[in-house]
Structure formats: structure tokens, C-alpha cells
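Here is what each chain is made of, one letter per residue.
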Amino acid sequence: HTIFLKDYAETPYSVVSVDMDFKIEEASTRVRTQITFEPRPTTEPGTPLVLDGDGLTLSSIAVDGYPVMLADYAANETGLTLAEPPHRRFVLETEVHLKPEDNKKLMGLYRSGGTWCTQCEPEGFRRITYYLDRPDILAPFKVRITAPREVAPVLLSNGNLIDKGDAGDGLHYALWEDPSPKPAYLFALVAGDLGSITDSFTTMGGRKVDLAIYCTHGKQAECAYAMDSLKRSMAWDEKRFGREYDLDVFNIVAVSDFNFGAMENKGLNIFNDKLVFALPETASDANYANIERVIAHEYFHNWTGNRITCRDWFQLCLKEGLTVYRDQEFSSDERSRPVQRIHDVENLRITQFPEDGGPLAHPPRPDHYREINNFYTTTVYQKGSEVVRMLATLLGEAGFRKGMDLYFERHDGEATTIEAFLKVFEDAAGIDLSQFGQWYTQAGTPQVTASDSYDAASQTYTLTLAQNTLPTPNQPEKPPFVIPVKFGLLGPNGSPMGWASVRGGTVQDDLIVLDSESVTLTFEGVANKPVPSLFRGFSAPIKLSTSLSQQDLLFLARHDSDPFNRWDALQTVATGLMARSATGVSLDAGDVDALREAIMDTLANPDLDDAFKALVISMPDETVIARQIGKDVDPGAVAVARRNLIRTLVEPVSERLEAYYGRLADTAPYSPDARQAGRRSLRNGLLSLLTAGSSRGAALAEAQYKDASNMTDRYAALAISVHNWTAAAPALLGDFRTRFAGDPLVFDKWLMASSQAPDDGVIERMSAVLAAPDFPRTNPNRLRSLLGGFVMANPAQFAREDGLGFRFVTEAAAEIDQVNPQVAARILTGFRILPLLEAKRRASGQAALESLRSQHQLSRNTGDIVDRILAG
Ligand code: ARG
Ligand code: ZN
């Protein structure tokens, strides 16, 4: 059953208000809901009211206080229908009983570590009560929670606490009121025995907001960084976007069983605890940065998502793409802008490009789906953010802000669409964005080809840019995109080159807008042959191919004023060499020498910061190399080519690298700040090169592992040892596991590291871990760490020729699917690499999926992913 965007229609009834009454007991939870409905002005009398419900059993039903007769309603697996509701405002009261303890899908009301909690986005509220469970139904909520005081001293819901007290028999209650009308997917409830830390924030308008983070008792000290991040997020949104918080309280709860990162429920964010807890001994610098980012992301949703929400789930990237853009900007302002940009683009290339170029490709705003949970994708989130970023580039900072201000002013309190979002920028800037809007509706990564020539006699430089986008599922034809190209021309000594005039198209300052199949620009009055620096700051999510020589690229790597392109030029060279070597071309020693020299120059450059240098020396990911090859890939050969090139690069300079590594050791006590973290990442980048490329590296890694005083250094040493499968790797894995036994989040790191081993024993070891009777098989973090890490980041073993890797994953997924379909479906998206592989591997991957499909009754989530990959 497929749902189409074009079929969108309003419900015949609207919701005026919702009153809920939860009675929580150990064995079950009773939910009584009173919903005030009203027919819309156009609704004919006698139009049935159809409510969503998922796995609910109705115990009683009444309209305006009178029980409804059996003949007048129908309740089944997917909902509740009232045949002939009153043709006026009326109150429907229903009662259901839930078993949160048995809810392992982790959608709706469930229990995590004894705490009752909820997840409703996108369609979890219908697992709590019968409702119009769609984002365009907005209503104020009042929620009463009654629970045993002993097991659940903390009772939370959205909005403000308006009453609480004793309810006799060892029970107590709390009454929460959320005055701002909201869609049901933002509903939340938490009840449990939790510790907390508190703080406060005074908004620019003078409102004092009480802040609290709730967690398992004893974990309070681990929440400090999250609280600090929250306060900085609140201040940043005021300063950068003029957005102020609107309630008296803001609560965050950390839980251990959670299907994804976190959830922006109004006034009550619920987090996967891995995105809250951090101590230097157990969390890495990357964990700290992620916590800061996700705390900000969920907080920013209060405006982009909650106060202005989505009309339907096709519009998901209206809130997600925009909010990712906002969190990326926040991280850029709080840390290093170029470093943040490089990280974000790396992530896009490693995760989104493969999605966009494979069987699961879809536009940031899809127009149909079978299972909406399968569309919380990197395309909706990360590419969605890139689209917003391009808008900001085209409009300039002031123009973009003007549009955003208008968006907040015009649409506050609404459930709206991508079209309405684009319209505010059209109105604010007086431009036409209809062609630009194709970024939201067309899938696929455009390929841009640049070619140029220089005529010394006439001092003219000619640059041709052409775009082409390959077909994606259901979209054979791709009209041209509007592509902003930020650029500069570099003169012979690296300084910027000017020009007198341009013919053939418009160039505004440093921006070319490519909006047709191709454009040829003629720059006049160019004194020398320039080297073009194109797509500065990665100004559009495209793949660029140029005719630049390796020498030109390394010139950019040394001289470009744009840090992103400096990094990118060097990566392009390294990726090209590895791709060539993986396909059997033997490399020219001079090319490798030149790359090494550029790397060494970068390392020696006193004007560049450590975090940037660390990115420059981090060698391209195997999936990036595989994409560069494009077809008939043997991932084993890619891994070998990568390792060989690193060895050739490192060998002649290993002593210098080792000395540098030694000098970078921490002297100050640990702090997660960007500067110190940058230093550690450079040092660990050097360790990675040394371990892969020199005989002394393995011992250095082992020593660092043993001496480490923080998780960043210890985990880096472990991961590097495992990835290179050094002689010490098995023992280090063993030590890590026992050293941190009992800490589930560190266990995840162990699982992740274990899944990255390149040796042929890795699958057997993982199978044993998974089969152990005490493996927490219903916890998404554990499953994702072991299996997600394997399918996404160990292609050589996942895509083994004998099919063992594929079968290991499909067999595990079949079991997980019985318990938690979302987790199973997500893991299986790793099979999207199949079209890239050489025939034998591709066939064995397809066979594994075919047998999964034919031998199991798959959930809608998993069935959808498997079908799309096999059809692709
Ligand atoms: N809205 C949440 C966030 O981005 C994530 C919800 C994910 N839901 C899902 N079904 N995958 O912050
Ligand atoms: Zn989000």
C-alpha cells in the first residue's frame, strides 16, 4: 500500500483540544482520552470519523458522556471508525490498556530500564490512543499522569506543570498543560525513578526558563556537557535567528533504549543516552561534539518543527533539512567553520551520495512512500540541509535572514509545506525560486564537468560548466538544477586573479549560477593562465569532474584561500590514486612523491590549525574510493590499494611523522574544547598513518592504548590497531572489553571496533557475540554498533565474495525484524552498495536478500527496503 503526496486532503473533522489521563501500574497502563472534535465547515453531516490506532484494544467508548452502541463504531487493527458522529462540536472519550513492558518496537509508550517513556514521531501516538495521528492536526493537550510514587517519583509531559499531589494508595499524580497547539507526534510522557541536574536560562525577553536533564541515578555528572550545550544553543538561536524559547520549563530525559538519536517533543526532549552522557574516560571528543550538535538540533526544532510544523510527512525535510542546517551553523560558530564544513561534506559523501546513486535514491521531498519510517534518511536530513545552504548562498546572509524572519512571522503555529518555505524567500528577495525548487523534488547527485582554456594573446580565460544527473528510480529525466558555484581564480603565485569583464553569463562577485545544461564564461583581461578553484566551501551537493592535472590540484591544496578546497584538492588526488591502483593501474612514483610533499607541507604550515591538518592527512574512506571507481568494484582490492598507497606515502617520512606525533602529546588536563580536540585528532591521524605505513606504528598504537588517560586516545589506538589488525589487536580488544565491563555505551565502542576488523575471522567472532545468551538483543544501540558498523564501514568483509558477510547480516536482520522492524530495516540499507559491486559479489548479495524475502514474513519497514534494493 503506497501513499502519495498528490492525495493529500484535510480531515473532515478537526481537533479542538485533547485531555489525557494515564494511570500507570506495573503490569499495564490505562489511557483515557477525551478529544473534542469539530466538523469542518465543508463537512457533510453523516461523514464518518476515522481515527488511527495501532495494536490497541478498546475497553470503552463514549460521545459526550454517553456510551456508543456497538453498531455505531468499528475498531480494528488500524483504527477506530465512528459511523455517524454528531454534526457539531463533541467530545469522544475512549479507554485503552497498554502493555509498555512488551513494547519492543520502541514506538508509542514503552519501558526502558524501568522508566516509562514515549516515542511518537512519526506514527507512534496511534499506539497510545485512537487519534487523527497526522502532523496537520494541531491541538492543545492536557495530560494527567498517575503512578506509584515509589517506582515513578518523576512524572513528566509536555508544557508546564500545573498541578501535582497525592492520589492515595501509594500513588501520586501530576497535571501538565501544553498551551501551544501541537501535532500528536510531539507528545511525550516520562515516568520513572530518575536523577536530574538543573539550571536556568534567561531569554532575551527576560523569561526565566527552568532547565533540567533527567537520567539514571548516579549519571548526573555525565550530563554537565549536555546542559552547557543546551544553554549555548538557546543563546545562539536568539543571536543568530532572533528565536526565543516560549515555555517556563525545558526538560531533557536520557533513556537507554531508543530507536534513533533524539526527539524534539515540545518542552520534553527525549534522548538516546549516548547523546547525553559524557566523561573524559568514557566518551571521545567525537561524542562530545555529537552531544553538542544533537542537543542544539532538538532545541532548534522548537521553532523549526514544533511552532512551525509539517503539513504531512512528505514535508519532513521542511523541519529536518532546515534544522540540520541550523545545527551545522551552530557547530560552525562554536567551533571551527572550515573544519565543521569538511566534516559535514565528508559525511554527505560517505552516506548521502551512495544513497542518491543507488536503489534507495529519493528526493529530499519524496512524493510517495510505503513506510514513512524508511524516509528518515540522510537525503532528507543532510541533503535537505545542503539545499537550505544553497538558498543562503544565493540570497546572501542578509537576504536569507530576511526570508527566515518572514517564515517565522508568516507561518508560526501552522503545519506547512516546502512550497510555503520557498515562497517566503521569493517574497523577501523578490526572486523566482520555481526552478530552484527542483532540488526538493528531484533525486540524484548532479555531475558537474568543468573544462577551461586560456588564450595568452587575448588574455582571455574560458570556463565551461556542464551539468548532468543520471536517472534514479522513477525519475528517468532530470531537467537542470540551479547550481550555485562559488569560485575564484588563482594566479601563478597562488594569489587571487582578477578579470576586467565576463561574457556569456552572469558572475556576481564570487558566484556563478549554473541553471542550464551548460554555460561558457569568457573572462577578459586575465593576465596569466589561472587555476580555477570551483565550488568553494562545497557550494552545491554535486560531484565535480575537472580537467585539472594532479599538479594543479596540489597547487590548490597549497595555495587556495578556501580551506575546504585545499582539503578537497588533496583528497581528490589521493582518491584518484587509490581508485586507479585498485583497478590494477600501477602508480607513477612521481605522483605519489608529489602527494607526499603536499601533505608534508600542510603539516609544516604554521598558519593552519591542528584540526584542519588532521582532516588533510586522513585518507579517503573506502566507500569514497569505491564510488570513484563507479562499477564492478572489488572492495577487497580497494582496501588493499588504500593500505598500499598509505604505506608508500608514509615509509620515507615515517621518522618525521613519528617525531611530530611525539610532540603533540597532551600536557594539559583533558578538556573537550575544539582546540584540544583538534590536537588529539591530528595526533591520532598521525598514529593511523604510522600504523598503516611503518613498522613502528603498531607498537606506538599499543603503547598509546595502554597509556591513554582519556577515551579519545584510547579508542583511537584501539580502532587503529583493529583496522590494521596488528599483532596486539586481539589482546587490546580483550582488554578494552574487560576494562569497561558494565558500561553499555563503552560496550558499543567495543562492538563497533570489533566489527571493523579486516581479517577473515571477523564474522565468526561477531556471530559468537550476537549469539551469547546475555547479549542485549532488544537494544538498538548494541545492534547498530555491531551490525550497522559492519555493513556501512567494513565493505571488504560485508561484501565478501563467498557471501558469508551478506548472509550473516540478513540472518541477523530476520530475527531483529520480529522484535524491532525499524532497526532491522535500517541495517539492511547497507545493501544499497550492491549495484556498485562486481558481478559475483552482487549476485551473492541479491541471493541473500531474495532468501530473506522468501523465507520470512517481513515487516512493512523491512519488506519495503528489501523490495526497493532488489528492484533497483
Ligand atoms: N525528529 C527526530 C530528530 O531528527 C528524529 C525522529 C526520527 N524518527 C524516525 N522514525 N526515524 O531529531
Ligand atoms: Zn530533527
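Everything numeric in this text was worked out from a predicted model, so none of it was measured.

The rules behind the values
- Residues numbered from 1 in each chain as written.
- Chains lettered and ligands numbered in written order.
- Predicted model: local features only at pLDDT ≥ 70, side-chain atom pairs only at ≥ 80, totals over all residues.
- Axes fitted to C-alpha atoms, helices over the stretch in contact; angles between N-to-C directions.
- Helix = DSSP H or I, 4+ residues; strand = E, 2+ residues; numbered from the N terminus.
- Parallel < 35°, antiparallel > 145°, perpendicular 65-115°, else oblique.
- Left-handed = near helix turned anticlockwise from the far one by under 90°.
- Contact = placed C-beta atoms within 7 Å.
- Nonpolar A, V, L, I, M, F, W, Y, C, P; charged D, E, K, R; others polar.
- Core = buried A, V, L, I, M, F, W, Y, C linked by C-beta atoms within 7 Å.
- Buried ≥ 20, exposed ≤ 12 C-beta atoms within 10 Å, placed from the backbone.
- Expected span 1.5 Å × (residues − 1).
- Bend = angle between axes of the 7 residues up to and from the residue.
- UniProt positions renumbered as here; feature names shortened; annotations may be inferred.
- Near = placed C-beta within 6 Å.
- Pairing = 2+ DSSP bridges.

## Some points on the packing of helix α9 (residues 563-582) against helix α12 (residues 622-629)
Piece 1. Two numbers describe how α9 lies on α12: the axes approach to 9 Å, and their chain directions differ by 70°. Considering the angle they form, α9 stands roughly perpendicular to α12. With respect to the hand of their crossing, α9 and α12 are arranged in right-handed fashion. On the side of α9, the interface is formed by Thr575, Met578, Ala579 and Ala582, while α12 contributes Val624, Ile625, Gln628 and Ile629.
Piece 2. Considering only residue class, the contact of α9 with α12 consists of six nonpolar, two polar and no charged.

## Points about the nonpolar core
Piece 1. Counting residues in hydrophobic clusters, the biggest one holds 251 residues, and the most contacted among them are Leu189, Val190, Val253, Ile270 and Val276.
Piece 2. Element by element, the count of residues in this core is highest for α9, at ten residues.
Piece 3. In contact with Val253, other than residues within four places in its own chain, are Cys117, Leu156, Val190, Tyr214, Ile270 and Phe271.

## Describing the environment of Tyr705
Piece 1. The residue Tyr705 is located in helix α16 (residues 697-707) in this model.
Piece 2. Sequence-wise, Tyr705 and Ser59 are 646 residues apart; in three dimensions their C-alpha atoms are separated by 59 Å.
Piece 3. Apart from the residues lying within four places of it in its own chain, the contact partners of Tyr705 are Arg714, Ala717, Leu718, Ser721 and Leu732.

## Description of helix α5 (residues 378-411)
Piece 1. Across its 34 residues, α5 extends only 26 Å between first and last C-alpha, which sits more than 12% below the 50 Å expected from 1.5 Å per residue.
Piece 2. Remark: the principal bend of α5, roughly 115°, maps to Gly396.
Piece 3. Looking one or two residues beyond α5, the residue adopting positive phi is Gly413, at roughly 85°.

## Some thoughts on the UniProt feature "domain: Peptidase M1 alanyl aminopeptidase Ig-like fold" (unreviewed entry) in the chain
Piece 1. Under the UniProt annotation, the feature "domain: Peptidase M1 alanyl aminopeptidase Ig-like fold" (unreviewed entry) is placed at residues 444-546.
Piece 2. From the first C-alpha to the last, residues 444-546 spans 20 Å; its make-up is 0% helix and 49% strand.

## Side note on the site of ligand 1
Piece 1. Contacts to ligand 1 come from Glu121, Pro122, Phe260, Ala262, Met263, Glu264, His297, Glu298, Glu320, Asn373 and Tyr376.
Piece 2. Listed by contribution, the elements that provide at least two residues to the shell around ligand 1 are β20 (262-263) and α2 (285-300).

## Some details on the sheet that holds strand β13 (residues 154-157)
Piece 1. Across the sheet, four strands lie side by side as β10-β11-β16-β13; this open sheet has antiparallel pairing. Because the sheet does not close on itself, it has two edges, and the strands there are β10 (108-112) and β13. Averaged over all pairs of adjacent strands, the angle between strand axes in this sheet comes to 15°, irrespective of strand direction.
Piece 2. As paired strands, β10 and strand β11 (residues 115-119) are joined by five bridges and run antiparallel to one another. Among the inter-strand pairings, Arg111 is bridged to a residue of β11, identified as Trp116.

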